[in-house]
Amino acid sequence: MAFQSPERMSPALLARFARRRLAPNRADLMTLFLIAGLAVLIAHGAQQMGRPLSQLSAAPISLDIARLPGYAVLTTLRMFVALAFSLLFTFVVATLAAKSRKAELVIIPALDILQSVPVLGFLTFTVTFFMGLVPGQELGVEAAAIFAIFTAQAWNMAFSFYQSLKTLPGDLDEAARQFGLSPWKRFWRLELPFATPALVWNTMMSMSGSWFFVVASEAITVGKTTVALPGIGSWLAAATDRGDTRAVVWAVATMAVVIILYDQLLFRPIVTWADKFRFEQTASQDPPTSWFYDLLMRMRLLPRLFGSVPRTLDQLPPLPKLPRIRPPKPLNPLLAQALDWLWLAAVILGAIGGAWLVVRYVGETLRWPDVMRAFGYGVLTLIRVLVLIAIASVIWVPIGVWIGLRPVWTERVQPVAQFLAAFPANVLFPIAVGAIVALRLSPDIWLSPLMILGTQWYILFNVIAGASVLPTDLKEAASIFHVRRWQWWRDVALPGIFPYYVTGALTASGGSWNASIVAEVVNWNHTKVEAAGLGSYIADATSNGDYPRVALGIAVMSFFIILINRSLWRPLYGFAARRLRLD
Amino acid sequence: MTLTETPTRDDVNLVEVRKVRHVYGKGAGANLVVLDQVDLSLKSNEIVGLLGRSGSGKSTLLRAISGLIRPTEGTVMVRDAPGDDTAHGVAMVFQSFALFPWLTVLQNVELGLEAQGVAADERRKRAIAAIDLIGLDGFETAYPKELSGGMRQRVGLARALVVQPAILLMDEPFSALDVLTAETLRTDLLDLWCEGRMPIRSILMVTHNIEEAVLMCDRILVFASNPGHIIAEIKVDLPQPRKRLDPAFRALVDDIYARMTARPVAQPVRDGAFPGMGIGMVLPHISTNTLAGMMESLSQPPHDGKAELPTLASELQLEADELLPIAETLQLMRFAEIEGRMIRLTTAGKRYAVAEVDARKQLFAQHLLTYVPLAAHIRRVLDDRTSHQAPARRFRDELEDFMSEDYAEKTLNAVVSWGRYAEVFAYREDVDVFSLDDPG
């Protein structure tokens, strides 16, 4: 599933402070400094990543405040490298799925499953794999961390792009074909522009989601190997180990600054720019704004330097004209069908083969009781997730509706809720654990809220978005007929926000499963606090280097996530789409 | 400046369509023949109109000529090149304009040239010339969403003209515009055409608006549906500019009206209008309010029970292809009869028009069950079952034996709304079940 933007992003927090009239040449200067600074940071980071591994273990993570900005840069850099790979993956794989029916048959179910698999559980395998690929170099561990981030980003982006390609407006498609656009031109003129708004939104969601994993994947222990890449995640791990509250607070503050910076300097301008690609024939009422975008637009000098680039590209000699590809004559339908079946059979055989390999691998050391135990833990975690979603819904739905119905509050709260959703909650775990240890609370119950600490905000900001687009005429009709209290919730508010709520709750639920791997076992100052559940089962197996148990744990968790998606969220989605559409 | 290259006036056919047949649909059972045995030729210096009701395959034919689709059978030759080579000299104007919202007016117009690999400077020059020609100067840097509908279609026209096609294809180019804008655009286009300022040699346009066809075309091909085929070819010899109030103009419009409502002689009088027989009949989704309104206005003076369809159409401000399905539904239920251009209320129709709500419902129920086989079938199944319930899926499957999925859905929707109004059965959308339940 790809995320739907619940609304255009509300005006930025900082925009208000920064929106002063800037002389164009000052704008040039500022942008130049920003870009130059960025370039230096990237170069510095890239240099770091190429070092041998021995140097890394020789220089352990230091909790010196002066090192923190450097760590933050490295962490951010990892995320953007992963993002670049995610985009590449999206363009290649989603395009393939949209254009080839045979590829679609494999790719779409695979993406569906991959985005339900708990990414954190994979760290064990990927770290081993990538370290083997580049032995003795920091690059191998870097690659593993980046791959972990990639797996947290790519799937919903690919889905969104695929969906856009499948829903190209028919008349534009015909116009493109009628004027004979080449596949390359078609991609740039039709497909990419049409997909851009949804893709940008999903990229932002991916970035938010992957903060969580960057924190978890920088410092990782697999069996006897412990690697700590320089970055905020490792800083945090070190701070947690030593029970250094001050260092944790510093990390949290740094993280907040980084998130606000890339939101303001990168995503907000992109959202503002992408607004022109929204497929609507009417001008939007309330277009998104960005002070940085305005700044870029106001430059005098830089456009002269860079602005000529596209024109130069245009003037390059055209690619040698390839012979026009004629649409192949449609095959005999019977033959085509037979080929489809053959392909399907091959795919099914491959899947069965894969399943058999996993079963054999796990079965070498594990027996049925182990499987049953994993399922038992799965049920425990399932109960936690469901109860937490229910509690979060009871708390945030009324609050979200209240806020959403008041535009002034919506404008204030929405950016904060979106920021909180992007904020990696695992940063806060140590503090919460400190409290649990100090107050001698039962971890089985009190560790659970951590699972939803970061994901509950999805419920809040989706509900706010739903309530804020509730049609005025419905609200007026309800007030004229004196619809109040429970009847108002039942007939007006709840049905109105339901589709948005389902989106939020689905995201929150998926995120909570993933979070359970880091939330059910937390270390604080050499004290280990643990709750029984599938998350702690996988986490323990990972730190013991017990690969078969990790594989079993991941398989069981994927099973539970897919089960919940199919039996709960998807029907609710269908219901919302069928009965509660407001159009 | 103009874009004209002196057209060579030869008598060679620009477009030759021979024995074209096109079938939509999947599998063996649910095929829908949209075009059958269609021949057409387009010569230099003429505007030819394809006129017909929705579903008569005229847009499909246009797409076959433009190379967007390949007809199932038959040949399409465009200037002696097979129709599926998109590099030939045709360009298309779309009903929905099909402008790229993220490109400016200028970029939209340049689209086709860019695809041909025309150099940037040349591209700009030609695009600006086309923009000037079509009266869009000053809008070059605007985005489509900033323009009115009429201006958008001008962009669509400029975009088609700039690639200098020999043939301009237009798919209902004015039907998404309001009346005044459409008229302005038609006049402007005709002016450009008559003055020879466009680089094109012929225009082929699809329309369902009879007056538009008579106003613009030198030749009109009238299409009938199920399957789509040409029933008449009419030459329009009236001199340009034509006047709508000219008696000769009116006579031609009336004549075409009559041809469009005419039934093939072979078909039985009663079930004639809709394709398919018995429960396999494809029904149009016409609201009972519309049916009632039509019977009321027919029964009132000055009509007193009968009227000419063209008169009725202009009185009710309906296009021919909006009015005809209503008239034919009334005919199917024996509330009215159509003869040539005349529609006449039956005794039942007259009774309905003056009756009270409950009597109307009873009368409607009676006629629905007697004359709409599908409604009778559903009712019978519900009566037979002890639970008095039946899943809609069952009827949908039955319908799909006769027609495409799309048509089956539309037909079932029509019967649901008529059945609900007549209270002969109930339908619950959330569980997709028909029943005899009376919620009252």
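For the structure, see preceding data.
How each quantity is defined
Residues numbered from 1 in each chain as written. Chains lettered and ligands numbered in written order. Predicted model: local features only at pLDDT ≥ 70, side-chain atom pairs only at ≥ 80, totals over all residues. Axes fitted to C-alpha atoms, helices over the stretch in contact; angles between N-to-C directions. Helix = DSSP H or I, 4+ residues; strand = E, 2+ residues; numbered from the N terminus. Parallel < 35°, antiparallel > 145°, perpendicular 65-115°, else oblique. Contact = placed C-beta atoms within 7 Å. Left-handed = near helix turned anticlockwise from the far one by under 90°. Nonpolar A, V, L, I, M, F, W, Y, C, P; charged D, E, K, R; others polar. Core = buried A, V, L, I, M, F, W, Y, C linked by C-beta atoms within 7 Å. Buried ≥ 20, exposed ≤ 12 C-beta atoms within 10 Å, placed from the backbone. Pairing = 2+ DSSP bridges. Right-handed = clockwise from strand over helix to strand, strands pointing away. Arc of directions from axis to C-beta.

### Observations regarding the packing of helix H12 (residues 357–371) of chain B against helix H15 (residues 405–422) of chain B
Residue and element names in this part refer to chain B.
So, step 1. Two numbers describe how H12 lies on H15: the axes approach to 8 Å, and their chain directions differ by 135 degrees. Here H15 runs oblique to H12, going by the angle between their axes. Of the residues in H15, those in contact with Lys 361, Phe 364, Ala 365 and Leu 368 of H12 are Trp 418, Gly 419, Tyr 421 and Ala 422.

### Let's talk about the packing of helix H4 (residues 68–99) of chain A against helix H9 (residues 183–218) of chain A
Residue and element names in this part refer to chain A.
So, step 1. In contact at an axis separation of 10 Å, H4 and H9 are set at 130 degrees when each is read in the N-to-C sense. One way to sum up the angle between H4 and H9 is to call them oblique. Crossing geometry of H4 relative to H9 is assigned as right-handed. On H9, the residues that touch Thr 75, Arg 78, Met 79, Ala 82, Leu 83 and Ser 86 of H4 are Thr 203, Ser 206, Met 207, Ser 210, Val 214 and Glu 218.
So, step 2. Its residues placed into classes, the contact of H4 with H9 shows five nonpolar, five polar and two charged.

### Focus: the nonpolar core
So, step 1. Membership of the largest hydrophobic core comes to 262 residues, with the highest contact counts inside it found for A:Val463 and B:Ile65.
So, step 2. In terms of residue count, the dominant contributor to this core is helix H7 (residues 138–166) of chain A (17 residues).

### Regarding the pairing of strand S8 (residues 202–207) of chain B
Residue and element names in this part refer to chain B.
So, step 1. Counting buried residues along S8, six of its six residues qualify, which places the element largely inside the surrounding structure.
So, step 2. Of the two faces of S8, the one holding Ser 202, Leu 204 and Val 206 and the one holding Ile 203, Met 205 and Thr 207 are both buried throughout.
So, step 3. Direction of pairing for strand S3 (residues 46–51) relative to S8: parallel, over a ladder of six bridges. Within S8, the residue paired with Gly 49 across the bridge is Met 205.
So, step 4. Note: strand S7 (residues 167–171) against S8, five bridges, orientation parallel. Of the residues in S8, the one forming a bridge with Met 170 is Met 205.
So, step 5. A crossover connection joins S7 to the parallel S8 through helix H5 (residues 179–194); in handedness this β-α-β unit is right-handed.

### Describing helix H18 (residues 429–439) of chain A
All names here are of chain A.
So, step 1. Inspection of H18 places Phe 429, Pro 430 and Val 433 among the buried residues, and these make up the whole buried set. The buried residues of H18 occupy an angular sector of 90 degrees when the element is viewed end-on, so they sit on one face. The exposed residues of H18 that point more than 90 degrees off its buried face are Ala 435, Ala 438 and Leu 439.
So, step 2. Looking at the packing, one finds that the buried side of H18 touches helix H10 (232–242), helix H11 (245–274), helix H20 (448–453), helix H23 (485–519), strand S3 (521–524) and strand S4 (527–530).
So, step 3. At the exit of H18 stands Arg 440, carrying a positive phi of roughly 55 degrees.

### Side note on the environment of B:Ala307
Residues and elements named next belong to chain B.
So, step 1. Assignment of secondary structure puts Ala 307 in strand S11 (residues 306–308).
So, step 2. Ala 307 sits in the buried class, given 22 other C-beta atoms within 10 Å.
So, step 3. Note: C-alpha distance between Ala 307 and Val 163 (144 residues apart in sequence) is 48 Å.
So, step 4. In this structure Ala 307 touches Leu 298, Leu 312 and Ile 343, once residues within four positions along its chain are discounted.

### Focus on the sheet that holds S3(B)
Residues and elements named next belong to chain B.
So, step 1. In spatial order, the strands read S6-S7-S8-S3-S9-S10; together these six strands make up an open sheet with mixed pairing. The open sheet terminates on both sides in strands that have one partner only, identified here as strand S6 (90–93) and strand S10 (229–235). On average, each strand axis in the sheet is tilted by 20 degrees relative to the strand beside it, whichever way the strands run.

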